[in-house]
Amino acid sequence: WKLFFWPVPPKVFVGGWVCFIVSLAYIAFLTAVIGDMAEIFGCVLEIPDLVTGITFVALGTSMPDLFASRHAAVEDPTADA
């Protein structure tokens, strides 16, 4: 991971704007890669692009909530199991 993020400068340069812009570029690049992979996945399984897109968006928005809820439930001794 350290090799992947070495181009991101420290946030002290130009008040953090350089770090912010480089981070946005990384997000754009990773979004393009994930979109292309989802398109290839749907093409291989002969699933329409609309269905593949909706499925991946649903997974992308639900998985963080799932992991956060699981972590909270595991860490809290009074949580319902």
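Quantities reported herein were computed from a predicted structural model and do not represent experimental measurements.

What counts as what
Residues numbered from 1 in each chain as written. Predicted model: local features only at pLDDT ≥ 70, side-chain atom pairs only at ≥ 80, totals over all residues. Heavy atoms only, no water. Axes fitted to C-alpha atoms, helices over the stretch in contact; angles between N-to-C directions. Helix = DSSP H or I, 4+ residues; strand = E, 2+ residues; numbered from the N terminus. Parallel < 35°, antiparallel > 145°, perpendicular 65-115°, else oblique. Left-handed = near helix turned anticlockwise from the far one by under 90°. Contact = heavy atoms within 4.5 Å. Nonpolar A, V, L, I, M, F, W, Y, C, P; charged D, E, K, R; others polar. Expected span 1.5 Å × (residues − 1). Buried < 20%, exposed > 50% of the residue type's maximum accessible area, 1.4 Å probe, protein only. Phe/Tyr/Trp six-rings, centres within 6.5 Å; stacked < 30°, edge-to-face > 60°.

S.K.: Tell me about the packing of helix α1 (residues 17-44) against helix α2 (residues 49-75), and name the residues and values.
M.R.: Between α1 and α2, the least distance of the axes is 9 Å, while the angle of their chain directions is 130 degrees. Regarding the angle of α1 to α2, the classification is oblique. With respect to the hand of their crossing, α1 and α2 are arranged in right-handed fashion. Counting all contacts with α1, which are made through Ala38, Glu39, Phe41 and Gly42, the residues of α2 involved are Asp49, Thr52 and Phe56. Broken down by class, the residue content of the contact of α1 with α2 amounts to three nonpolar, two polar and two charged.

S.K.: Please give an account of the environment of Ile34 that cites residues and values.
M.R.: Looking at the secondary structure, you find Ile34 in helix α1. Measuring from C-alpha to C-alpha, the distance between Ile34 and Phe56 comes to 9.4 Å, with 22 residues separating the pair along the chain.

S.K.: Lay out α1 in plain terms, naming residues and giving numbers.
M.R.: Taking 1.5 Å of rise per residue, the 28 residues of α1 would be expected to cover 40 Å, and the 41 Å separating its terminal C-alpha atoms lies within 8% of that figure. Buried residues of α1: Cys19, Tyr26, Ala38 and Gly42, and no others. Glu46 lies just past α1 and shows a positive phi near 55 degrees.

S.K.: Break down unusual backbone geometry for me, citing the residues and quoting the values.
M.R.: For Val14, which is not glycine, the phi torsion reads 50 degrees and is therefore positive. Mapping Val14 onto the fold places it in the segment before α1. Residue Val14 is classed as exposed on the basis of its relative accessible area, which comes to 60%. Residues other than glycine seldom take positive phi values, yet Glu46 does so here, at roughly 55 degrees.

S.K.: Give me the lowdown on the packing of aromatic side chains, citing residues and values where you can.
M.R.: This model, assessed by the stated rule, comprises two aromatic pairs. Where Phe41 meets Phe56, the ring centres are 5.9 Å apart and the plane angle is 80 degrees; that geometry is what we call edge-to-face. Within this pair, whereas Phe41 is found in helix α1, its partner Phe56 is found in helix α2, the two being separated by 15 residues in sequence. The class of Phe41 is partly exposed, set by a relative accessible area of 44%.

S.K.: I'd like a rundown of the side chain of Thr52, residues and numbers included.
M.R.: Structurally, the position occupied by Thr52 is in helix α2. Discounting residues that sit within four places of it in the chain, Thr52 has contacts with Ala38, Gly42 and Ile47.

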